[in-house]
Amino acid sequence: MGDMISWRRRLPDPSVSTVQRAMCRRFAVEPAPPGQRTMVGLALSRPRHLEPLNALRHPIAANSNGWFVWRGPAIPQEDNNFFDV
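Residues numbered from 1 in each chain as written. Predicted model: local features only at pLDDT ≥ 70, side-chain atom pairs only at ≥ 80, totals over all residues. Heavy atoms only, no water.

1. Thoughts on the side chain of Arg 46
So, point 1. Here Arg 46 shows up in the loop between strand E1 (39-42) and strand E2 (53-57).
So, point 2. Within the buried core, Arg 46 has no salt-bridge partner, and the shortest N-O distance to an opposite charge, that of Asp 79, equals 6.9 Å.
So, point 3. Here the side chain of Arg 46 touches Arg 71 through a polar contact of 2.9 Å, landing on its backbone oxygen.
So, point 4. If near-sequence neighbours (up to four positions away) are discounted, Arg 46 is found in contact with Arg 71, Gly 72, Pro 73, Ala 74, Pro 76 and Phe 82. (Helix = DSSP H or I, 4+ residues; strand = E, 2+ residues; numbered from the N terminus. Buried < 20%, exposed > 50% of the residue type's maximum accessible area, 1.4 Å probe, protein only. Lys, Arg positive; Asp, Glu negative; His and termini not counted. Salt bridge = Lys/Arg side-chain N within 4 Å of Asp/Glu carboxyl O. Polar contact = N/O pair within 3.5 Å; in protein donor to acceptor, adjacent residues only side chain to side chain. Contact = heavy atoms within 4.5 Å.)

The structure is reproduced here in structure tokens:
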């Protein structure tokens, strides 16, 4: 709980919307907008009709901002080239 109190006392990042801040509070995480010139993993080979649209964020590493986006139910575990960056 101490982390939440210190998080609330900081000034909000102007690039993070009120809705985004509320979502971060819901999951007790700090907002971390992607930096400029960082990479996103996209599964461009997935057909447009597949649903749902999914996104997953891993911790930021090197020049990746941690975001991976794909359509459809699950990430195929056997496809090492599923995401394009």
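2. What about the sheet that holds E2?
So, point 1. Read from one edge to the other, the open sheet built from three strands follows the order E1-E3-E2, with strand pairing classed as mixed. In this open sheet, the two edge strands, each paired with only one partner strand, are E1 and E2. Across the sheet, the mean angle separating the axes of adjacent strands is 20 degrees when strand polarity is ignored.
So, point 2. Across three bridges, E1 lies against strand E3 (residues 64-71) in parallel orientation. Looking at E3, one finds that Leu 42 is bridged to Val 69. (Pairing = 2+ DSSP bridges. Axes fitted to C-alpha atoms, helices over the stretch in contact; angles between N-to-C directions.)

3. Thoughts on the confidence of the model for the protein chain
So, point 1. For the protein chain, mean pLDDT is 80; residues scoring 70 or higher make up 82% of the total.
So, point 2. Within the model, the stretch residues 1-7 combines pLDDT values under 50 with eight contacts to residues more than four positions away or in other chains. (pLDDT = per-residue confidence, 0-100.)

4. Notes on the environment of Asn 63
So, point 1. Within the element layout of this structure, Asn 63 appears in the loop between E2 and E3.
So, point 2. Classification of Asn 63 by relative accessible area gives partly exposed; the value is 41%.
So, point 3. Spatially, the C-alpha atoms of Asn 63 and Gln 36 are 9.8 Å apart, while their sequence positions differ by 27 residues.
So, point 4. In this structure, Asn 63 is in contact with Arg 37, Thr 38 and Met 39, ignoring residues within four places of it in sequence.

5. As for unusual backbone geometry
So, point 1. Of note, the bond from Glu 51 into Pro 52 is cis; its omega dihedral lies within 30 degrees of zero at 0 degrees.
So, point 2. Looking at the secondary structure, you find Pro 52 in the loop between E1 and E2.
So, point 3. At Arg 37, a position not held by glycine, the phi torsion is positive, near 65 degrees.
So, point 4. Residue placement: Arg 37 occurs in the loop between helix H2 (18-26) and E1.
So, point 5. With relative accessibility at 83%, the residue Arg 37 sits in the exposed group.
So, point 6. Phi at Ala 62 takes a positive value of approximately 55 degrees, unusual for a residue other than glycine.
So, point 7. Turning to its location among the elements, Ala 62 is positioned in the loop between E2 and E3.

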